[in-house]
Amino acid sequence: MSASTPATSPSTPGGPQATTGNGFSRWVQRVTSGSTWTVYALLIVVFVAILVMNPSFGEPMSIMAFLKKASPLIVLAIGQYFVIVSGEFDLSVGSLVGAQVVIAAKLIDGEDSMTWPVIGLMVLFGLAVGLVNGLIVTLLKVPSFITTLGMMLVLYGAIRLWTGGAPTGSLTDGFRQWGRGGLPDTPGQFQVPFAVLITVVLGVIAVILMRRPFGRTLVATGDNDVAAAFSGASVWWVRTRAFLFSGFMATVAGILIGGYAGVTAQVGEGLEFMAITAVVLGGVVLGGGRGSVVAAMAGALTLEALFTLFNQLSLPSTIRPAVQGVIIIAAVAYAAMPRRSKAVPSPPAGVPEPTVPKEPQPAAP
């Protein structure tokens, strides 16, 4: 009796190399799909332009100084991403940042012993604002644009009423170190800023969350909340948590900005629109359902680099709102463009192509 040979599956043309090539092709297609790839290309172009005009920008200390300055916007973009990808908006983050800095300065007032208790109070306040926004949107069914716009005005008005329009107090060095310090703590030498480390940690956490069931449910809710609800997802709680994340990120951004910004009533003004601009620049679709948190962070980095380039060109700062408006309009218009249909893959060798049955023709008269 002859020995039986083990059954073998049909070999893939090209062997392992073809498999590796196909995997790389799928990765490239995923990275360059939609409008995500444009933010990375624009980031490279802007960085090259800055280096051409100012070669010293490429030095390690200059790069770290740039990243430290961009960190608050990146953190805000992470929080705004959670809200936008769920199909909502959060226009209150700028006023929340300003309120947090003013509250911290007034409560701490130079007392080192008050630093950590006030930071804890800031976190609770940020979460409370996010929770109120989320519950009004999800339970009372008030549009997020109106809800967060009202919250923005409430915070601005409350802070001005509390301080009389002239914030008082001061922040301690222990509070400011998170926005201006770094490792190692040696002035004049290369150091990695605390702001950059905090931003990286929050970015990693955001990526992990988006790969968990919560992230997939968040995207599904933004894509079609009715279908997500029928599939068993708790839509109201998912969106409420997105606003909670946004409030927390705004608090962290306020702590970082407090490290180098002065305590004024204008702190945080306009940051909500910068965060939205950064997110849509990263290819996240307004209306929800599509977008990458890494691309949103890259959008914030690109926007900050673009403003740095404007400074190198000696352009007036008043041009920034116009640029933000153009970016938002262009990003939304690009996202609304019809996509090309995916090509139908050809069947493997030896497998006949499927035939489409023809419709029966009417008999000739």
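For the structure itself, look to the data block above.
Residues numbered from 1 in each chain as written. Predicted model: local features only at pLDDT ≥ 70, side-chain atom pairs only at ≥ 80, totals over all residues. Heavy atoms only, no water.

(A) Main features of the environment of tyrosine 156. With respect to the helices, strands and loops of the structure, tyrosine 156 is situated in helix α6 (residues 144–163). As a C-alpha pair, tyrosine 156 and leucine 96 span 60 residues in sequence and 8.3 Å in three-dimensional space. (Helix = DSSP H or I, 4+ residues; strand = E, 2+ residues; numbered from the N terminus.)

(B) Inspection of the environment of methionine 249 at higher detail. Within the secondary structure layout, methionine 249 lies in helix α11 (residues 235–257). The exposure class of methionine 249 is buried, given its relative accessible area of 5%. When the C-alpha positions of methionine 249 and leucine 73 are compared, they lie 9.9 Å apart, and in sequence the two are 176 residues distant. Ignoring any residue separated from it by four or fewer positions in sequence, one finds methionine 249 in contact with Val75, Leu76, Ile78, Gly79 and Leu202. (Buried < 20%, exposed > 50% of the residue type's maximum accessible area, 1.4 Å probe, protein only. Contact = heavy atoms within 4.5 Å.)

(C) Spatial organisation of helix α7 (residues 173–180). Among all positions of α7, only Phe175, Arg176 and Gly179 are buried. Buried residues of α7 fall within an arc of 90° about the axis and therefore sit on the same side. Summarising the contacts, the buried residues of α7 are in contact with α3 (60–85), α4 (93–108), α5 (115–138) and α11. (Arc of directions from axis to C-beta.)

(D) Representation of the nonpolar core within the structure. Judged by nonpolar contacts, the single largest core of 80 residues is most densely connected at Leu76, Ile78, Phe82, Phe175 and Leu218. Apart from residues lying up to four places away in sequence, isoleucine 78 is in contact with Leu202, Gly203, Ala206, Met249, Val293 and Met297. (Core = buried A, V, L, I, M, F, W, Y, C linked by side-chain atoms within 4.5 Å.)

(E) Geometry of the packing of α3 against helix α12 (residues 271–281). In contact at an axis separation of 8 Å, α3 and α12 are set at 70° when each is read in the N-to-C sense. The angle between α3 and α12 falls in the class roughly perpendicular. Across the interface between the two elements, Leu73, Leu76, Ala77, Gln80, Tyr81 and Ile84 of α3 pack against Leu271, Glu272, Met274, Ala275, Ile276, Ala278 and Val279 of α12. Residues belonging to the contact of α3 with α12 are distributed by class as follows: eleven nonpolar, one polar and one charged. (Axes fitted to C-alpha atoms, helices over the stretch in contact; angles between N-to-C directions. Parallel < 35°, antiparallel > 145°, perpendicular 65-115°, else oblique. Nonpolar A, V, L, I, M, F, W, Y, C, P; charged D, E, K, R; others polar.)

(F) Geometry of a negative patch on the surface. A surface patch of like charges, here negative, comprises Asp109, Glu111, Asp112 and Asp173. Position of aspartate 173 relative to the elements: it lies in helix α7. Given a relative accessible area of 63%, aspartate 173 falls into the exposed group. (Patch = residues over 30% accessible without salt bridge, like charges linked within 9 Å, V, L, I, M, F, W, Y side chains within 5 Å. Areas by Shrake-Rupley, 256 points an atom, 1.4 Å probe, with all protein chains shown as cover. Salt bridge = Lys/Arg side-chain N within 4 Å of Asp/Glu carboxyl O. Lys, Arg positive; Asp, Glu negative; His and termini not counted. Charge placed at Lys NZ, Arg CZ, Asp CG, Glu CD.)

(G) Geometry of α3. Of all the bends found along α3, the most pronounced is centred on serine 71 and spans about 40°, while proline 72, a proline, follows it within four residues. At the C-terminal side of α3, glycine 87 shows a positive phi close to 100°. (Bend = angle between axes of the 7 residues up to and from the residue.)

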